[in-house]
Amino acid sequence: MNVPLHNKITIDTYMTPLDHPEFAGHEQIVFATDNETGLKAIIAVHNTNRGPGLGGCRMWNYASANEALTDVLRLSKGMTYKNALADLALGGGKSVIIANPRTDKTPELLKAFGRHINRLAGSYITAEDVGISSDDMEIIGSVTDFARGTEATGFGDPSPYTALGTFVGIKAAAKHKFGSDDLNGLTVSLKGLGHVGYDVARQLHEAGATLIVSDIYDPAVTRAVEELGATSVSPDEAHLVKADIFAPCALGGGLNADTIPHLKVAIVAGAANNQLETPEDGAALMERGILYAPDYAINAGGVISVALGEPGISDSVVRQKTIAIGDTLTQIFERAATEKRPTNLIADELAEERFQHQHYSA
Ligand code: NAD
């Protein structure tokens, strides 16, 4: 007999997380609540074959718990791929707190969340993400040892490492495409001059590249023009200009069926997350002869610094691991060329080889 849950849903029709389209074989999905503080959170651990699932905690005013579940499952799986490809002894996990970070955040709520992480006994390690600051992480870290990026555990802002890895990745792409990693005289169109983008621009400038920059925040553009001798274009034109390399370093995607046909570059390599609107856009870039550096491979410097940047670890260890992003990308480019397949699919396969068949003791 169907037991009504409310007027439309019955137990027979109710979809559990196990049936969710993004379930993807998650090891653990924990719904964490606390009546006293109003905490509503979901912690998702996708895969721990390589080690504990590390990934940030996002606080967002989701329209529904289902929207939050979809987000956390996608993000958590993404962390398994990113951490495996970065060759970290870590699996993938992520958490979301369903709340408005501006109005709902209280120390008590964050501590209640931290206590839930503690109950997972180390299968999940949290860190900052959208809506959660380093101060918030200090509060969470006051009740659990499984929080990274705190004063006691971290190296602070991961952006310089993300920028270093992106710069190294651009050089690896240039070496593969042009036969030399000398950027002197090459032109790079760089979109997004924030924490990561500006630092990438600075390193490109120091390497002798000519810069065409864009950002919706005018002071950042002015600074790049004055300090780095860059030429500016509007953000809408960044992917239209003729250059050797397009480096997306702003927020969100941008590579899709509308934009890819207009690119006038040989390489796309930048720090932004989720650059391809769909996986098929990777094939579209390949068909146009454009070398694409998969985003989660080239922008892994930040997670490397969060994962390895513990007290007692020297900065050079973290930098060396970040610089190795160049070797990983070279491996991806060479395999993609040999197999005549898109780099984004090769990156996924390489990550899968690393987390599906390797088991580390946590
Ligand atoms: P940020 O917020 O400091 O900088 C983003 C910049 O992009 C800002 O200057 C903003 O004005 C600009 N911007 C936003 N929309 C734009 C648009 N439509 N056109 C042009 N410029 C636009 O962020 P960040 O930390 O530098 O991160 C940049 C990208 O790198 C993001 O996609 C982020 O997810 C990714 N990433 C960052 C890190 C890290 O360590 N910070 C790690 C991995 C990935």
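Residues numbered from 1 in each chain as written. Predicted model: local features only at pLDDT ≥ 70, side-chain atom pairs only at ≥ 80, totals over all residues. Heavy atoms only, no water.

## Some points on the pairing of strand β4 (residues 57-60)
(1) Moving on: The pairing of β4 with strand β5 (residues 91-98) spans four bridges and is parallel. Each residue of the ladder has a partner; that of Met59, found in β5, is Ile97.
(2) Moving on: Crossover connection from β4 via helix α1 (residues 65-85) to parallel β5: handedness right-handed. (Pairing = 2+ DSSP bridges. Helix = DSSP H or I, 4+ residues; strand = E, 2+ residues; numbered from the N terminus. Right-handed = clockwise from strand over helix to strand, strands pointing away.)

## Comments concerning the site of the ligand
(1) Moving on: Near the ligand, the surroundings consist of 20 residues, among which Thr162, His195, Val196, Asp215 and Ala250 are the closest.
(2) Moving on: Contact distances for the ligand include 2.6 Å between an oxygen atom and a side-chain N or O atom of Thr162.
(3) Moving on: In this structure, a nitrogen atom belonging to the ligand sits 3.5 Å away from a main-chain N or O atom of Ile216.
(4) Moving on: When isolated, the ligand has an accessible area of 830 Å², and the protein chains bury 75% of it.
(5) Moving on: Elements supplying a minimum of two residues to the shell around the ligand: α4 (159-178) and α5 (195-206).
(6) Moving on: Per-class residue counts for the shell around the ligand are eleven nonpolar, seven polar and two charged. (Near = heavy atom within 4 Å. Polar contact = N/O pair within 3.5 Å; in protein donor to acceptor, adjacent residues only side chain to side chain. Areas by Shrake-Rupley, 256 points an atom, 1.4 Å probe, with all protein chains shown as cover. Nonpolar A, V, L, I, M, F, W, Y, C, P; charged D, E, K, R; others polar.)

## Concerning the side chain of Ser305
(1) Moving on: The residue Ser305 is located in helix α9 (residues 301-308) in this model.
(2) Moving on: For Ser305, the side chain forms a polar contact with the main-chain oxygen of Gly302, separated by 2.9 Å.
(3) Moving on: Those residues in contact with Ser305 that lie beyond four places of it in its chain are Pro158, Tyr161 and Val318. (Contact = heavy atoms within 4.5 Å.)

## Some points on the domain arrangement of the protein chain
(1) Moving on: The domain boundaries assigned to the protein chain delineate domain 1 (3-150) and domain 2 (159-351).
(2) Moving on: Spacing between the C-alpha centres of domain 1 and domain 2 amounts to 29 Å.
(3) Moving on: Taken together, the contact between domain 1 and domain 2 spans 13 residues of the former and 18 residues of the latter.
(4) Moving on: Each partner contributes to the roughly 1,200 Å² buried at the junction of domain 1 and domain 2, and carbon and sulfur atoms together form 73% of this total.
(5) Moving on: Across the contact surface, domain 1 and domain 2 share two salt bridges.
(6) Moving on: We note a salt bridge from Glu310 to Arg148, for which the minimum N-O separation is 3.1 Å.
(7) Moving on: Connecting domain 1 to domain 2 are four residue pairs in polar contact (both at pLDDT 80 or more).
(8) Moving on: Residue contributions to the side of domain 1 that touches domain 2 peak at six residues, all from α1. (Domains from an automatic or database assignment. Buried area = accessible area lost by both parts, 1.4 Å probe. Salt bridge = Lys/Arg side-chain N within 4 Å of Asp/Glu carboxyl O.)

## What about the packing of aromatic side chains?
The geometry of an aromatic ring pair comes down to the distance between the two centres and the angle between the two planes.
(1) Moving on: Going through the model one piece at a time under the given rule, you end up with three aromatic pairs.
(2) Moving on: Judged by centre distance (5.1 Å) and plane angle (70°), the rings of Tyr81 and Phe355 are edge-to-face. Here Tyr81, found in helix α1, pairs with Phe355, found in helix α12 (residues 343-356); they are 274 residues apart in sequence, far enough to count as distant. Assigned by exposure class, Tyr81 and Phe355 land together as buried.
(3) Moving on: Between Phe155 and Tyr161 the ring centres are 6.2 Å apart and the planes differ by 45°, which places this aromatic pair in the tilted class.
(4) Moving on: With a relative accessible area of 10%, Tyr161 lands in the buried category. (Phe/Tyr/Trp six-rings, centres within 6.5 Å; stacked < 30°, edge-to-face > 60°. Buried < 20%, exposed > 50% of the residue type's maximum accessible area, 1.4 Å probe, protein only.)

## So, the nonpolar core
(1) Moving on: Formed by 61 residues in total, the largest nonpolar core has its most connected members in Ile170, Leu193, Leu204 and Leu329.
(2) Moving on: Per element, the largest residue contribution to this core is seven residues, and it comes from α4.
(3) Moving on: For this core, the two domains that each supply at least three residues are domain 1 (3-150) and domain 2 (159-351).
(4) Moving on: For Leu329, the contacting residues outside a window of four places in its chain are Gly169, Ala172, Ala293, Pro294, Ala297 and Ile298. (Core = buried A, V, L, I, M, F, W, Y, C linked by side-chain atoms within 4.5 Å.)

## Points about a negative patch on the surface
(1) Moving on: A cluster of acidic residues, Glu128, Asp135, Glu138, Glu151 and Asp157, forms a negative patch at the surface.
(2) Moving on: Tracing the backbone through its elements, the reader meets Glu138 in helix α3 (residues 134-141).
(3) Moving on: The class of Glu138 is partly exposed, set by a relative accessible area of 32%. (Patch = residues over 30% accessible without salt bridge, like charges linked within 9 Å, V, L, I, M, F, W, Y side chains within 5 Å. Lys, Arg positive; Asp, Glu negative; His and termini not counted. Charge placed at Lys NZ, Arg CZ, Asp CG, Glu CD.)

## A few points about the pattern of salt bridges
(1) Moving on: Under the counting rule described, the total for this entry stands at 16 salt bridges.
(2) Moving on: Across the pair Arg335 and Glu339 runs a salt bridge, and its minimum N-O distance is 3.5 Å. With Arg335 and Glu339 both in helix α11 (residues 325-339) and four residues apart, the pair spans about one turn of that helix.
(3) Moving on: On the basis of relative accessibility, which here comes to 36%, the residue Glu339 falls in the partly exposed class.
(4) Moving on: When salt bridges with common partners are traced through the structure, they connect Arg335, Glu339, Arg341, Glu349 and Glu353 into a single cluster.

## What about the packing of α1 against α12?
(1) Moving on: Packing of α1 against α12 leaves a shortest axis separation of 8 Å and a crossing angle of 80°. Relative to α12, the element α1 is oriented roughly perpendicular. Contact with α1, carried on its side by Thr80, Tyr81, Ala84 and Leu85, involves Ala347, Asp348, Leu350, Ala351, Glu352, Arg354 and Phe355 of α12 and no other residues of that element. (Axes fitted to C-alpha atoms, helices over the stretch in contact; angles between N-to-C directions. Parallel < 35°, antiparallel > 145°, perpendicular 65-115°, else oblique.)

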